Amino acid sequence: MYDRAMQALFQMTLEPIAEMTADKTSFGFRTYRSTHDAMEYTFKVLSQKTSAQWILEGDIKSCFDDINHDWIIKNIPMNKKTLTKFIKTGYLEKKTLYPTETGVGQGSPIAPTIANMTLDGIEDEIAKSYWSNKKGTIDKMRQNSQRVNYIRYCDDFVITANSKEILEEIQNKIEFFLLERGLILSREKTKITHIKEGFDFLGWNFRKYDNNKLIIKPSKSSINQITNKISTIIKINKTTTQKELITKLNKTIRGWCNYHQPVCAKRTFTRLNNTIYNMLWKWAKRRHSNKSKKWIISKYWEKKGNRNWNFESEGKTLYNPSDTPIVRTSFPKLLKNIFIDKEYFLERQNKQKKKRQISYIKTTAAQLKLSY
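Please read all numbers here as calculations on a predicted model, not as lab measurements.

What counts as what
All chains use their own residue numbering, which begins from 1 and follows the written sequence. The predicted nature of this model means local features are confined to residues of pLDDT at least 70 and side-chain atom pairs, given and counted, to a pLDDT of 80 or more, with totals for whole chains, interfaces and linings taken over all residues. Side-chain calculation: all heavy atoms of the structure are included, whereas hydrogens and water are not. Remark: nonpolar core denotes a set of buried residues (Ala, Val, Leu, Ile, Met, Phe, Trp, Tyr, Cys) joined through side-chain atoms within 4.5 Å. Relative accessibility under 20% of the residue-type maximum defines a buried residue, over 50% an exposed one, and the middle range a partly exposed one, all with a 1.4 Å probe and only protein chains included. To qualify as a helix, a DSSP run of H or I must reach at least 4 residues; to qualify as a strand, a run of E must reach at least 2; elements of each kind are numbered from the N terminus. We call two residues in contact whenever any of their non-hydrogen atoms come within 4.5 Å of each other. In this analysis, a patch consists of residues with relative accessible area above 30% that form no salt bridge, clustered at 9 Å for like charges and at 5 Å for the nonpolar side chains Val, Leu, Ile, Met, Phe, Trp and Tyr. To measure how exposed things are, a 1.4 Å probe is used in the Shrake-Rupley method; for residues, cover is taken only from the protein chains shown. Salt-bridge detection follows one rule: a side-chain nitrogen of Lys or Arg within 4 Å of a carboxyl oxygen of Asp or Glu. Strands pair, by our definition, only if DSSP identifies at least two bridges between them. Fitted lines through C-alpha atoms serve as axes, helices being fitted only where they are in contact, and the angles separating the N-to-C directions of these axes extend from 0 to 180 degrees. As a per-residue measure, pLDDT reflects the predictor's confidence and takes values from 0 up to 100.

Draft legend 1. Expanded view of the nonpolar core. With 44 residues, the main nonpolar core has I230, L249, L280 and F311 as its most contacted residues. At the level of secondary structure, the elements contributing two or more residues to this core comprise α2 (35–46), β7 (199–201), β8 (204–208), β9 (214–218), α10 (220–235), α11 (242–259), α12 (266–287) and α13 (293–300). A per-element tally of this core places α12 first, with eight residues. Discounting chain neighbours no more than four positions away, the residues touching I230 are L249, T252, I253, L272, I276 and M279. Among the nonpolar cores identified, the runner-up in size contains 41 residues, and I60, C154, L167 and L178 belong to it.

Draft legend 2. Up close: a nonpolar patch on the surface. Side chains of M20, F339 and I340 sit close together on the surface and give an oily, nonpolar patch of about 350 Å² of accessible area. Turning to its location among the elements, M20 is positioned in helix α1 (residues 2–21).

Draft legend 3. Geometry of the environment of F311. Looking at the element boundaries, F311 is found in strand β11 (residues 307–313). C-alpha of F311 to C-alpha of L280: the two residues are 31 residues apart in sequence and 8.7 Å apart in space. Beyond its immediate stretch of four places on either side in the chain, F311 contacts Q242, L245, I246, L280, W283, Y300, W301, K316, T317 and L318.

Draft legend 4. Geometry of the sheet that holds β7. Spatially, β7-β8-β9 is the arrangement adopted by the three strands of the open sheet, whose pairing is antiparallel. A strand with exactly one partner marks an edge of an open sheet, and here the two such strands are β7 and β9. Pairwise comparison of adjacent strand axes, ignoring direction, gives a mean angle of 30 degrees for this sheet. Here β8 pairs with β9 via five bridges, running antiparallel. In the sheet register, F206 faces β9, and the bridge partner there is I216.

Draft legend 5. Layout of the confidence of the model for the protein. Per-residue confidence for the protein gives a mean pLDDT of 91, with 95% of residues at or over 70. For the protein, helix α8 (residues 140–143) is the element with the lowest average pLDDT, namely 63, and α10 is the one with the highest, namely 97.

Draft legend 6. Geometry of the sheet that holds β11. If you walk across this open sheet you meet the three strands as β10-β11-β12, and the pairing is antiparallel. Of all the strands in the sheet, just β10 (301–304) and β12 (316–317) have a single pairing partner and so form its edges. Relative to β12, β11 is paired through two bridges, and the arrangement is antiparallel. Bridging from a neighbouring strand, E312 pairs with T317 of β12. Those strands touched by α11 are β11 and β12, and its axis lies near 105 degrees from that of β11. The sheet contacts of α12 involve β10 and β11, and relative to β10 the element is tilted by about 135 degrees.

Listed below in structure tokens is the structure:
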């Protein structure tokens, strides 16, 4: 606990430096930045008719585990003796201490900031080649004829461009950039795709369809993960009371729905609700195999207004994913700094919170209207 407290103190002093040197389109492990911001920026650079058509999906292999210690000690601006202790502390497994010769310990307070500072600079490498004029001045607005854009969240990133060949050039530059830091791109997860084929990023699928409209939906892998998680919760709670099961499920379902709230997820929410119903029906049928269908329905499901299938017990109702309103996230100003413009970020956070509250109130009011 003492070591973690020391790391937290040094992280507090390192964070303002990291914020000043950060890539402007890096959204991971930065205060008041989120996956939703990364999604909104990706939408912004890909949604227009003239937007780039090709995407490089990048993933850095074992990012936290493989960062070169010599590079960290040389380039991270903090007390070298203390920094060395942090990164070479080792880890315990089954009462055996193993040394750490590379990387930073995942879960430590300072690790995300060090990892971010290690990867910061990729945007500048791209800028030198694709956003500079003849005088060497970087001007992304006027010099970006190839529609090159870079979005990163921790060790996952996407880069857009007008052609596959440009992205291959950029990939080579990034590989050289990472080599000095002891990192490499994952061959399995790094690929170049066309926007009409679609690509997955941060749990969402981005794809342009025949009408040239960009649609963002929950990815298949994300849907499979939540389905498997809900299935596991139901299976390991065969003898749990209905109220306890609802409490456990609500936490998982609400969290997943809130994450996907800003994208086109209405159909996904409806399908998920049907899937959950089928799982719960099997759960209830297994508990009362000798009872009739009508008896099981009357015991576990209640009728409210125009909705007959409310999984409810002792005033506790299972959250229906299809009740989640779609609320778009406002896009942050990239040049704002959390240590200089904190009021801006707090105001933005409050506005987003109010938008969600209003949407939930409207949805609830609509349901009550249908009920009566």
